[in-house]
Amino acid sequence: MSEKSEQRLSVLKTYKLYVGGKFPRSESGRVYEVTDAKGKWLANAPLSSRKDARDAVVAARKAFGGWSGATAYNRGQILYRIAEMLEGRRDQYVAEVADAEGLSKSKAAAQVDAAIDRWVWYAGWTDKIAQVVGGGNPVAGPFFNLSSPEPTGVVAVLAPQESSFLGLVSVVAPVIATGNTAVVIASEKSPLPALSLGEVLATSDLPGGVVNVLSGRTAEIAAPLAAHQDVNAIDLTGADEALAKELEIAAADNLKRVLRPQPVGEVDWTTAPGTDRMTAFLETKTVWHPTGSLGASGSSY
């Protein structure tokens, strides 16, 4: 047998959705071709349907109680574990990002390293954000008045179209760091790094349903999520101007929180992230508690 005939065929990867901690194909059975920056075929990605979007919301809602009820320290441990897993699969993501965005290996590696570092950065914030945005409020009377942040709920996230991995991490990590659960619509033209991220999330101690990843036509999937009565907030980062306006109107029906970057368009994801994306999906709970009657001396109790 010749050497040429002994060469084996590559095992091509089958990309699937990540919903509720599992890897289903789209219920529609549809796929679409994903190509690199030069138009070369890379893979077939699932073309998610409205039913897939609804299933993802159900999974996110089911996971919300346990995730929001976990300690901030535990959430930080899990986010750090995600960074560990990504570090171990760094070469895979460098290759996927290079293909997706038409970058050199060195530039793709810089994007992946920055994304891993960003997971670590948000992991460190999980048990600190409450100290920054919460606190005791001065009041006139014998009361404690304390404000503390709480997660909004289920957040639909339209991932950036151009930054397939660093941008993706930059919009997903702050949502779950603060106790929310997420339904993520991957970049329409470059969904593969996002779909591969699901494989890391599934093996990183993150409870199933906390992050759900859909791929397909952004406008087709986003419309039912914006109008969904059980979605509490939506991040419109990956929408263009016209789509963002349409989704913002739909979201108003149940008073969703809407994060609509102004202006809609390119964002430099390499800059320091700040805390804005964490506070965008937090509610503030204020509790009043009596301290007892004030005596003549002004002291309580």
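Check the entry above for the structure.
Note on numbering: residues in each chain are counted from 1, in written sequence order. Under the rules for a predicted model, residues below a pLDDT of 70 receive no local features and side-chain atom pairs below 80 are neither given nor counted, while totals for whole chains, interfaces and linings still include all residues. With hydrogens and water stripped out, all remaining heavy atoms of the structure feed into the side-chain values.

## Concerning the sheet that holds strand β10 (residues 282-290)
Across the sheet, three strands lie side by side as β3-β4-β10; this open sheet has antiparallel pairing. The open sheet has two edge strands with one neighbour each: β3 (135-136) and β10. When DSSP finds at least two bridges between two strands, those strands are taken to pair. Secondary structure elements follow DSSP: runs of H or I of four or more residues count as helices, runs of E of two or more count as strands, with numbering from the N terminus. The sheet contact formed by β3 and strand β4 (residues 143-151) spans two bridges and is antiparallel. Its bridge partner being in β4, Gly136 is matched across the sheet by Leu146.

## Thoughts on helix α4 (residues 105-125)
To estimate the expected span of a helix, subtract one from its residue number and multiply by 1.5 Å. The terminal C-alpha atoms of α4 lie 31 Å apart, and with 21 residues this matches the ideal 30 Å at 1.5 Å per residue to within 8%. Per-residue accessibility, obtained with a 1.4 Å probe over protein chains only, is compared with the maximum for each type, and a residue is labelled buried under 20%, exposed over 50%, and partly exposed between these values. Every buried residue belonging to α4 is among Ala108, Ala109, Gln111, Val112, Ala115, Ile116, Arg118, Trp119, Tyr122, Ala123 and Trp125, and all of these are buried.

## Considerations on the packing of aromatic side chains
In summary, the pairing rule links any two rings of Phe, Tyr or Trp, Trp by its six-membered ring, whose centres are within 6.5 Å, and it sorts them by plane angle into stacked for under 30 degrees, edge-to-face for over 60 and tilted for everything else. By the definition in use, this model includes four aromatic pairs. Between Tyr18 and Phe23 the ring centres are 5.1 Å apart and the planes differ by 40°, which places this aromatic pair in the tilted class. With relative accessibility at 2%, the residue Tyr18 sits in the buried group. For Phe23, a relative accessible area of 33% gives the class partly exposed. On the basis of an interplanar angle of 20° and a centroid distance of 4.8 Å, the ring pair of Tyr93 and Phe165 is categorised as stacked. Of the two residues, Tyr93 is situated in helix α3 (residues 90-101) and Phe165 in the loop between β5 (154-158) and α6 (166-177); the sequence distance between them amounts to 72 residues. Taken individually, Tyr93 and Phe165 each receive the classification buried, so the pair is uniform in this respect. Within the aromatic cluster, the residues linked to one another by ring pairs are Trp121, Tyr122 and Trp125.

## Observations regarding the sheet that holds β5
Reading across the sheet, the five strands line up as β7-β6-β5-β8-β9 and stay open at both edges, with parallel pairing between neighbours. Taken across any chain shown, the strands that pair with only one partner, and hence form the sheet edges, are β7 (211-214) and β9 (257-259). The sheet shows a mean angle of 15° between the axes of neighbouring strands, taken without regard to direction. By the bridge criterion, three bridges tie strand β8 (residues 233-235) to β9 in an arrangement that is parallel. Residue Ile234 lies in a different strand from β9, and its bridge partner there is Val258. Throughout, a residue-residue contact means that at least one pair of heavy atoms, one from each residue, lies within 4.5 Å. Every axis corresponds to a line fitted to the C-alpha atoms, with the helix fit spanning only the stretch in contact, and the corresponding angles, defined between N-to-C directions, vary from 0 to 180 degrees. Strand contacts of helix α8 (residues 218-227): β5, β6 (181-185), β7 and β8, with the helix running at about 150° to β6, the strand carrying the most contacts.

## A word on the packing of α3 against helix α7 (residues 192-201)
Two numbers describe how α3 lies on α7: the axes approach to 9 Å, and their chain directions differ by 160°. Relative to α7, α3 is oriented roughly antiparallel. You can see that α3 and α7 cross each other, and the crossing is left-handed. Facing α3, whose interface residues are Gln92, Tyr93, Glu96, Val97 and Ala100, α7 presents Leu192, Pro193, Ser196, Leu197, Glu199 and Val200. Residue classes follow a fixed rule: Ala, Val, Leu, Ile, Met, Phe, Trp, Tyr, Cys and Pro count as nonpolar, while Asp, Glu, Lys and Arg count as charged, and any other residue, Gly among them, counts as polar. Tallied by class, the residues present in the contact of α3 with α7 amount to seven nonpolar, two polar and two charged. The cut-offs work like this: below 35 degrees is roughly parallel, past 145 is roughly antiparallel, 65 to 115 is roughly perpendicular, and the gaps in between are oblique. It is the rotation of the near helix from the far one that decides the hand of a crossing: anticlockwise by less than a right angle makes it left-handed, clockwise makes it right-handed.

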